[in-house]
Amino acid sequence: KINYVLWRYCKKEATPENCNHRVRYFARHRLYAFIKICSFALIRPTREATEIRWSDINIIKTRKLKDEKGGKVNIALIRIRADKRGDDNAVSVLSTGGCKHLIEWMRFCQEEFGLSTTGDGHVFPSGTDMDEPVDAGLMGRTLRLILKNHTYNYHGLENLPLNKDP
């Protein structure tokens, strides 16, 4: 249910026309990517995630894993700069499912906003200042409000199958 509500609010309903402002449009897509990438990579949704820069990500093709067409699949190695233990060389592995979300987020940043996805730019920039990272607390508060407002108000949501991921 949470995945569906998040997908519906951040992706399906987030069109430039519905959001009234480019920053809101960007923020909805950023929230979806933030939640998905953090959950697939097992990164804490705190400064661990907000301090990630594009230069910290290394996308590689696997040697053994194949997709349904027989091609190699991608995984990503992410250097964590602001680890909970203070280790600035911690590495997290982003699974193939999470790598799809990362690549989708990269394309969105490049195509919709003209942002560079190489170099020292933040993966999750603030919507108003693209050189600053987003506030992790803001992401948590926004997710809480979305779930509070949409989970119980959406007609028919309680009848959704729990194993479906959009």
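Structure's up top.
Notes on the structure in this doc start here. All figures in this text were calculated on a predicted structure; none of them were measured in a lab.

Next up on the list: the overall build of the protein chain. On a plain count of helices and strands, the protein chain comes out with six helices and three strands. Starting at the N terminus and ending at the C terminus, the protein chain contains elements arranged as α-α-α-α-β-β-β-α-α. Taken over 166 residues, the protein chain has a buried fraction of 40%. Contacts in the protein chain between residues far apart in sequence, at least 24 positions, make up 57% of those at least 6 positions apart. Carbon and sulfur atoms form 50% of the exposed surface of the protein chain, whose accessible area is close to 10,100 Å².

Before going further, it helps to examine the pattern of salt bridges. Scanning the entire structure with this criterion turns up eight salt bridges. For D56, the salt bridge identified is with R79, shortest N-O distance 3.3 Å. With D56 in the loop between helix 4 (47-50) and strand 1 (57-66) and R79 in strand 2 (residues 72-80), this pair connects stretches of sequence that are 23 residues apart. Across the pair R81 and D120 runs a salt bridge whose closest N-O atoms are separated by 3.5 Å.

Where strand 1 and strand 2 come together, six bridges link them in antiparallel fashion. Residue N58 lies in a different strand from strand 2, and its bridge partner there is L77. The turn joining strand 1 and strand 2, which pair antiparallel and follow one another in sequence, is formed by five residues; a positive phi near 90° is taken by G70.

Moving on, we come to the packing of aromatic side chains. Applying the stated criterion across every chain, the model contains nine aromatic pairs. An angle of 40° between the planes, with centres 5.5 Å apart, marks the rings of F26 and W105 as tilted. Of the two residues, F26 is situated in helix 3 (residues 22-41) and W105 in helix 5 (residues 96-113); the sequence distance between them amounts to 79 residues. Exposure remark for W105: the relative accessible area of 2% places this residue in the buried category. An aromatic cluster is built from Y25, F26, F34, W105, F108, F113 and F124, whose rings are joined through pairwise contacts.

Definitions and limits used
Residues numbered from 1 in each chain as written. Predicted model: local features only at pLDDT ≥ 70, side-chain atom pairs only at ≥ 80, totals over all residues. Heavy atoms only, no water. Helix = DSSP H or I, 4+ residues; strand = E, 2+ residues; numbered from the N terminus. Buried < 20%, exposed > 50% of the residue type's maximum accessible area, 1.4 Å probe, protein only. Contact = heavy atoms within 4.5 Å. Areas by Shrake-Rupley, 256 points an atom, 1.4 Å probe, with all protein chains shown as cover. Salt bridge = Lys/Arg side-chain N within 4 Å of Asp/Glu carboxyl O. Pairing = 2+ DSSP bridges. Phe/Tyr/Trp six-rings, centres within 6.5 Å; stacked < 30°, edge-to-face > 60°.

Note that all results are geometric; they support no functional claim without further evidence.
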